Amino acid sequence: MTAGAHDPRSDAVDRECMTRAIAAAGAVRCSTSPNPWVGAVVRSPDGRMFEGATEPPGGDHAEVVALRVAGDRAAGATLYVTLEPCSHHGRTPPCVDAVLASGVSRVVVGVEDPDPQVAGSGVRALREAGVEVTVGVQADQVAAQLAAYLKHRRTGRPWVVLKLAASLDGGTAAPNGSSQWITCPRARADGHRLRAESDAILVGAGTVRRDDPSLTVRDYRPPVMPPEGRLDPRRVVLGAVPPGARVQPCTEMKGDLGAVLDELGDEGVVQLLVEGGANVAGAFHRAGLVDRYVIYLAPALFGGQDANGLFGGHGAYDISDLWRGRFLSVDRVGDDLRVELAPAAVPEVG
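Here the structure is a predicted model, which is why all the values come from computation and not from measurement.

### Regarding the overall build of the protein
At step 1: Helix and strand content of the protein: 10 helices and 13 strands.
At step 2: Taking 20 Å as the expected radius of gyration for a compact globule of 350 residues, we find that the protein reaches 22 Å, a close match to that expectation.
At step 3: Taken over the C-alpha atoms alone, the protein extends approximately 75 × 45 × 35 Å along its principal axes.
At step 4: Residue burial in the protein is summarised as follows: out of 350 residues, 49% are buried.
At step 5: Partitioning the intrachain contacts of the protein with sequence separation of at least 6 by distance along the chain shows that 71% fall at a separation of at least 24.
At step 6: Looking at charge distribution, the protein has the averaged site of its 36 positive side-chain charges lying 3 Å from that of its 43 negative ones.

Okay, here's the thing in C-alpha cells:
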C-alpha cells in the first residue's frame, strides 16, 4: 500500500472496537444517571482489548476504567470511547488528563459531548497535546444509545418516552374499566426495563385513584445494578394524590407540560417515562412533547367500538391532520409485539 493511502482494514477495526464500547455502555445503562452511560475500549499495539464503562456517580468515567484495566499496555494504544472525554473538574478529575498520562497515541470518539462544559474542548485538548483524534465512528448507534443524555444536555429537558399497551384493535380497557392484563408477562417485564432506565415515571392523578399503582420496578434486573440496588424511578403525578396511595412518596405537579419538563430537567431527570392514563398520554402527544412511543400490542381483540382507546381527548378531525411518525423497530416480546415510533418531523439525535 502506498504512503498516505487509506487502509479499509483500520475502519473495520474501529467499527469493531466501537461496537464493543457500545455494548459495555449498554450494561451500565441503569447505574450511571445523571451521568451518561458510556463505554470504552483500549486496543493495545499487539491487538489486546481492555474494556470499561462508566461507574455510578462519584466513580470513574468509562475511559479511566478502561485505562486502569489496561495498565502499562495503554502506552501507544488506541482508546475508543462512545462519548467525548471530559476536560473539566466535576465529581472526578478531567478524563483528558488521564488519557494523556496513559500514553495512548490515538483516541476514537463516537460523538462529541454537547454539555457546555465539554462541547469539543476534550477533543481539542487531546489534539493540542499531539494525540490523533478521530470523531464519528459508529456515530448513529452511539447517538441512539445516548439519545436521552444528548437531548437533556442540548435542551435542558428530559427525553420523553410514552409507554402504551393495547389490544390489536387499539383497546386499553374494557367498558367496565377492567384492563389487567392485556399484555403478556414478558411484555410487562420489558416495560419494567423502561422504568429501570428512566429517572422518573409520570402518571395522572386519575390513574392513581383508579388503579392505585406502585410504579416500581419488579420484573427486571439489569447487568449492572445501581448503588444500593435501587431501580425504582422517581414518581411524578399530575394532580393531587391521596396520602395513603401506593405511589407515595411522590412529586405532585400541575400546570403547563412544557414547564413541568423544564422543572424536571433542572432537577436532573434525563429520561422521563410517561405511563398515562389516556388523558395524560393524549396531552403529551398533542403537545408534541414525546420523543419515543413504545407501544405493546397484544394478539387480542375487543371486537367493538366501546373499549377505551390509547388517547383521551380530541384527535385529528380531518385525515389531512393525521399525525404521522416513523417506525424505529417492531419486535416480538413473548406473545406480544413491541412497536417503537418517533415523530417524523424530528431528526435523529446526533
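And the narrative resumes.
### Side note on the packing of helix α2 (residues 62–70) against helix α3 (residues 95–102)
At step 1: Between α2 and α3, the least distance of the axes is 9 Å, while the angle of their chain directions is 25°. If you check the angle between α2 and α3, you find them roughly parallel. Between α2 and α3 lies a crossing whose hand is left-handed. Between α2, through E63, V64 and L67, and α3, the contact on the second element is made entirely by C95, A98, V99 and S102.

### Comments concerning the environment of A98
At step 1: Looking at the secondary structure, you find A98 in helix α3.
At step 2: Contacts of A98, omitting those with residues within four sequence positions, involve V64 and L67.

Thresholds, definitions, all that
- Residues numbered from 1 in each chain as written.
- Predicted model: local features only at pLDDT ≥ 70, side-chain atom pairs only at ≥ 80, totals over all residues.
- Heavy atoms only, no water.
- Helix = DSSP H or I, 4+ residues; strand = E, 2+ residues; numbered from the N terminus.
- Rg over C-alpha atoms; globule rule 2.2 N^0.38 Å.
- Buried < 20%, exposed > 50% of the residue type's maximum accessible area, 1.4 Å probe, protein only.
- Contact = heavy atoms within 4.5 Å.
- Lys, Arg positive; Asp, Glu negative; His and termini not counted.
- Charge placed at Lys NZ, Arg CZ, Asp CG, Glu CD.
- Axes fitted to C-alpha atoms, helices over the stretch in contact; angles between N-to-C directions.
- Parallel < 35°, antiparallel > 145°, perpendicular 65-115°, else oblique.
- Left-handed = near helix turned anticlockwise from the far one by under 90°.

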